[in-house]
Amino acid sequence: MTDGNMINHMTPIDEIAELTAGSGSPFDVGASADLVKAITDRVKAEPQRKPICVIADWTWVDFRVTDKNRTFFERKGVLPHGVYSNHVVHDELHRANPGERIRSTVLVNFRDDCIFETRNTIYILQGPGKRLPMSAEAFLSIFF
């Protein structure tokens, strides 16, 4: 995908295929595997903590937004990003087994260069990942 205009003409199926195939630009955030336990322990000690899901082989998704849907995200108190992983390391809620895929909902907060927080889950990004633009509709339609 070298033509930026071509991305806007992709069908949702094309976008999902690109995401699940591991497309995207290198995105060097994420904790090294040897730091994940310490980060997990720190998050577990937080008041009002959320379930934790550690993911590797992940892709940060930037939703393509217009002024109209940007306002929608802002009113909902979320940011136009999601995260997808081809490899769950550990999921406290057992929504996915180790090695399986998972998709987040939308971002509420990103901190410490590795903690991707949604309304219901803390995703700890392990290792480097990728970054990919796509439509929110295509991303949020993915189910496993």
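Quick note: structure is the one above.
Conventions we followed
- Sequence order as written defines the numbering, with residues in each chain counted from 1.
- Local features in this predicted model are restricted to residues of pLDDT 70 or higher, and side-chain atom pairs are both shown and tallied only at a pLDDT of 80 or more, whereas totals for entire chains, interfaces and linings draw on every residue.
- To get the side-chain values, take all heavy atoms of the structure and skip hydrogens and water.
- Definitions used throughout: a 1 Å grid over protein atoms alone; a cavity as a set of points that fits a 1.4 Å probe which cannot get out; a pocket as an open set with protein on both sides within 12 Å along at least five of seven lines; a lining residue as one with an atom within 4 Å of a point.
- Grid points are joined across faces, edges and corners, and a volume is the space filled by probe spheres set on the points.
- For this scheme, ten residues count as nonpolar: Ala, Val, Leu, Ile, Met, Phe, Trp, Tyr, Cys and Pro. Four count as charged, namely Asp, Glu, Lys and Arg, and the remainder, Gly too, count as polar.
- Only DSSP runs of H or I covering at least 4 residues are called helices, and only runs of E covering at least 2 are called strands; the numbering of each starts at the N terminus.
- For every residue, the accessible area (1.4 Å probe, protein chains only) is compared with the maximum for its type, and the residue is labelled buried under 20%, exposed over 50%, or partly exposed between those bounds.
- Two residues form a contact once any of their heavy atoms are found within 4.5 Å.
- Here a polar contact is recorded for every N or O atom pair within 3.5 Å, except that within protein the pair must consist of a potential hydrogen donor and a potential acceptor, and residues adjacent in sequence are included only if both atoms are side-chain atoms.

### Quick notes on the layout of surface pockets
- In this structure, the largest pocket occupies an estimated 260 Å³ of space.
- In terms of lining, the largest pocket is formed by 15 residues, of which the most central are Arg-95, Ile-102, Arg-103, Ser-104 and Tyr-123.
- Class assignment for the residues of the lining of the largest pocket results in six nonpolar, five polar and four charged.
- Empty space within the second largest pocket amounts to approximately 180 Å³.
- What lines the second largest pocket is Asn-69, Phe-72, Phe-73, Lys-76, Val-78, Val-106, Arg-119, Ala-136, Glu-137 and Leu-140.
- Elements supplying a minimum of two residues to the lining of the second largest pocket: α4 (67-76) and α5 (136-140).
- Looking at the lining of the second largest pocket, the element that brings in the most residues is α4, giving four residues.

### A few points about the environment of Tyr-84
- Looking at the element boundaries, Tyr-84 is found in strand β3 (residues 81-91).
- For Tyr-84, a relative accessible area of 0% gives the class buried.
- Taking C-alpha positions, Tyr-84 is 13 Å from Phe-27, a pair spaced 57 residues apart along the chain.
- Setting aside residues no more than four positions away along its own chain, Tyr-84 makes contact with Leu-19, Thr-20, Asp-57, Trp-58, Thr-59, Arg-101, Ile-102, Arg-103, Phe-139 and Phe-144.
- Only 3.2 Å separates the side chain of Tyr-84 from the side chain of Arg-101, close enough to count as a polar contact.

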